[in-house]
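Here is what each chain is made of, one letter per residue.
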Amino acid sequence: MHKKTVKLIEQSDDSAGSVGSLLMGIEGELQDRLNQVSMDTKTKLSLLKKLEKTVNLKIYEGWETLAIDLLGIFSTAVPEKQVREAYVDLIDKKTEKFNKENQPYTVSVLLKLKASVIRTYESEDTYKDFLYTHEEDRYMKKELIQYLLEKKAYSDVLDRLDLDDGSKPLHAKRDQLRHAYQAYAGMNETDKQIETGKKLILAGEFEYYEKIKAIAEDPEDLYTQTKQSIQAMNSFEAFHLYKKLIIVEQDTEAILSLTKNNPALIEETINYLKDAYPEETFTLYTRYMYQLAEESSNRKEYKVLCRKLNTYGELFGSQEKSTVISHLEETYNRRPAMKDELSKIK
């Protein structure tokens, strides 16, 4: 079934992911069967030979990761030393076939599979030595760092991070920054923890704002600095970070200013503005209704407009809603579909 399904990949359009889902289902069924059946060492070795023959078939050329997925299923069935040695030997044979330069991901997946076997069945020292030996592989390096964090070897973690590399943007260093944050937290180096947290926020990890706010000596100053840093970014991502920040802090003045420049935000920000700025909120929401009507061009969009007008009426009263509807009917009298939909909510 697995082999036949792999063949389907090149014979069909799998844009909906159906073939991939079928493969996952087959692998899950194989895993369940393997876990349920009791086998002696001789039977496992025989099955392992069949598995080796399968994953080396020509149909898996170009789909090596699918072969490795199939290979990985057997990793739960190797508590016996003889079986485990044969299994690891098979992993090593597969690894030798790939070029680290041209197929680094495939090599990494095989190394991770071998590491999981070693960690499950071998000594901790053997596992640790394996990680150190393959530290040049970036996935193994991440696993090594995670291991060192578990062991609270925070200085060793920091030694393996390249935080001063200015050639990479912050979002490309998120994993390293997360590891550094965890290491500084473990070492109780609050200042460095906060500085790293600030970088993570600017890299899009907004959840770190609450974390560093809880340990900052001056939360207000932290808010001001973070706000200024995000504004200085001047990007699409910065817009969303800024919005999250001012909403979390319920900075109504900043929320009002942002909404004035982006009227569509009024639906999201009204609960923060309506009490502090009732008149401005009403004006902004009304302007948004008119803008939405102007941008609508088909019946589906007119229905959306009418739903939002109903919400507008709940917020500001039926009279204000009627005023907007009358204005729209007059302004867009050549849009019969819009007038038809508006007539349904009068």
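Each remark here, short or long, concerns the structure printed above.
Along every chain, residues carry numbers that run from 1 in the direction the sequence is written. Reporting of local features is limited, given that this is a predicted model, to residues whose pLDDT is at least 70; pairs of side-chain atoms are given and counted only at 80 or more, and all residues count toward the totals for whole chains, interfaces and linings. To obtain the side-chain values, all non-hydrogen atoms of the structure were included, while hydrogens and water were left out.

Chemist: How would you summarise unusual backbone geometry if you had to cite specific residues and measurements?
Modeler: Excluding glycine, residues mostly carry a negative phi; peptide bonds, for their part, are mostly trans. Positive phi, normally seen in glycine, also occurs at Lys 152, with a value near 60°. Think of it in three bands: residues with accessible area under 20% of the maximum for their type are buried, residues over 50% are exposed, and the middle band is partly exposed, with areas taken using a 1.4 Å probe on protein chains only. For Lys 152, a relative accessible area of 60% gives the class exposed. Positive phi is not limited to glycine here, since Asn 234 has a value of about 50°. The way it works is that DSSP assigns letters per residue, a run of H or I at least four long becomes a helix, a run of E at least two long becomes a strand, and they are numbered from the N terminus. Locating Asn 234 in the fold gives a position in the loop between helix H13 (219-233) and helix H14 (236-248).

Chemist: I'd like to hear about helix H2 (residues 18-36), residue by residue, with values.
Modeler: In a helix, the anticipated span is given by 1.5 Å times the number of residues less one. Its 19 residues give H2 an end-to-end C-alpha distance of 27 Å, which sits within 8% of 27 Å, the value for a rise of 1.5 Å per residue. Every buried residue of H2 is listed here: Val 19, Leu 23, Ile 26, Glu 27, Gln 31 and Leu 34. Seen along its axis, H2 keeps its buried residues to an arc of 135°; they face one direction. Of the residues in H2, the exposed ones pointing more than 90 degrees away from the buried face are Ser 18, Met 24, Arg 33 and Gln 36. Read the arc as the range of directions from the helix axis to the C-beta atoms.

Chemist: Talk me through the pattern of salt bridges; I want residue IDs and the actual numbers.
Modeler: Where charged atoms from two side chains of opposite charge come close, those side chains can pair. We define a salt bridge as a side-chain nitrogen of Lys or Arg found within 4 Å of a carboxyl oxygen belonging to Asp or Glu. Here the structure, examined in full by the defined rule, presents 26 salt bridges. Here Lys 93 and Asp 89 are joined by a salt bridge, their closest N and O atoms 3.5 Å apart. Here Lys 93 and its partner Asp 89 are both found in helix H5 (residues 81-96), four residues apart, which amounts to about one turn of the helix. Classification of Asp 89 as partly exposed rests on a relative accessible area of 37%. Between Lys 227 and Asp 251 there is a salt bridge; the shortest N-O distance is 3.1 Å. With Lys 227 in helix H13 and Asp 251 in the loop between H14 and helix H15 (252-261), this pair connects stretches of sequence that are 24 residues apart. The two residues Lys 227 and Asp 251 agree in class, both being buried.

Chemist: Account for the packing of aromatic side chains, with residues named and values stated.
Modeler: Classification of ring pairs uses Phe, Tyr and Trp, with its six-membered ring standing for Trp, and accepts pairs whose centres are within 6.5 Å; under 30 degrees between planes counts as stacked, over 60 as edge-to-face, and the remaining range as tilted. In total, this model carries 11 aromatic pairs according to the counting rule given. Considering the side-chain rings of Tyr 181 and Tyr 208, the 4.9 Å spacing of their centres and the 80° angle between planes classify their relative orientation as edge-to-face. Residue Tyr 181 is located in helix H10 (residues 174-186), and its partner Tyr 208 is located in helix H12 (residues 208-213); the two are separated by 27 residues in the primary sequence. In terms of burial, Tyr 181 and Tyr 208 fall into one category: buried. Joined through ring pairs, the aromatic side chains of Phe 282, Tyr 285, Tyr 288, Tyr 312 and Phe 316 make up one cluster. Two limits define a charge over a ring: the Lys NZ or Arg CZ must be within 6 Å of the ring centre, and within 35 degrees of the ring normal. It is Lys 211 that lies over the ring of Tyr 208; its NZ or CZ is 4.3 Å from the centre.

Chemist: How would you explain the environment of Pro 219 if you had to name every residue and give the values?
Modeler: Mapping Pro 219 onto the fold places it in helix H13. Residue Pro 219 is classed as partly exposed on the basis of its relative accessible area, which comes to 32%. The sequence separation of Pro 219 and Ser 108 amounts to 111 residues, and the corresponding C-alpha distance is 43 Å.

Chemist: An account of helix H3 (residues 41-55) is requested, with residue identities and associated values reported.
Modeler: Compared with the 21 Å implied by 1.5 Å per residue over 15 residues, the 21 Å span of H3 between its first and last C-alpha is a close match. Taken as a whole, H3 has its buried residues at Lys 44, Leu 48, Leu 51, Thr 54 and Val 55. Down the axis of H3, the smallest arc covering the buried residues is 115°, so these residues share one side. Residues of H3 that are exposed and point more than 90 degrees away from the buried face comprise Lys 42, Lys 49, Lys 50 and Lys 53.

Chemist: Account for a negative patch on the surface, naming residues and giving values.
Modeler: Together, Asp 191, Glu 217, Asp 218, Glu 220 and Asp 221 make up a negatively charged patch on the protein surface. As for its position among the elements, Asp 218 is in the loop between H12 and H13. Assessed through its relative accessible area of 42%, Asp 218 is described here as partly exposed. Here a patch means residues that are over 30% exposed by relative accessible area and free of salt bridges, tied together within 9 Å if like-charged and within 5 Å if nonpolar (Val, Leu, Ile, Met, Phe, Trp, Tyr). The method behind every accessible area is Shrake-Rupley, applied with a 1.4 Å probe, and residues are considered shielded solely by the protein chains displayed. Only four residue types enter the tally: Lys and Arg on the positive side, Asp and Glu on the negative side, with His and both chain ends excluded. Taken as the charge centre is NZ of Lys, CZ of Arg, CG of Asp or CD of Glu, depending on the residue.

Chemist: Before we move on, could you go through the nonpolar core and cite the residues and values that matter?
Modeler: Taken as a class, soluble globular proteins show a tendency for nonpolar side chains to be buried jointly. Nonpolar core, defined: a set of buried Ala, Val, Leu, Ile, Met, Phe, Trp, Tyr and Cys residues in which side-chain atoms within 4.5 Å join the residues together. Core analysis: the largest hydrophobic core is formed by 49 residues, its most contacted members being Leu 51, Leu 71, Phe 74, Tyr 87 and Val 157. The biggest single contributor to this core is helix H6 (residues 104-121), with eight residues. The criterion used for residue contact is that any of the two residues' heavy atoms lie within 4.5 Å. Excluding anything up to four places from it in sequence, Phe 74 contacts Leu 34, Lys 44, Leu 47, Leu 48, Leu 51, Val 83 and Tyr 87. With 45 residues, the next largest nonpolar core counts Tyr 208, Leu 245, Met 289 and Tyr 312 among its residues.

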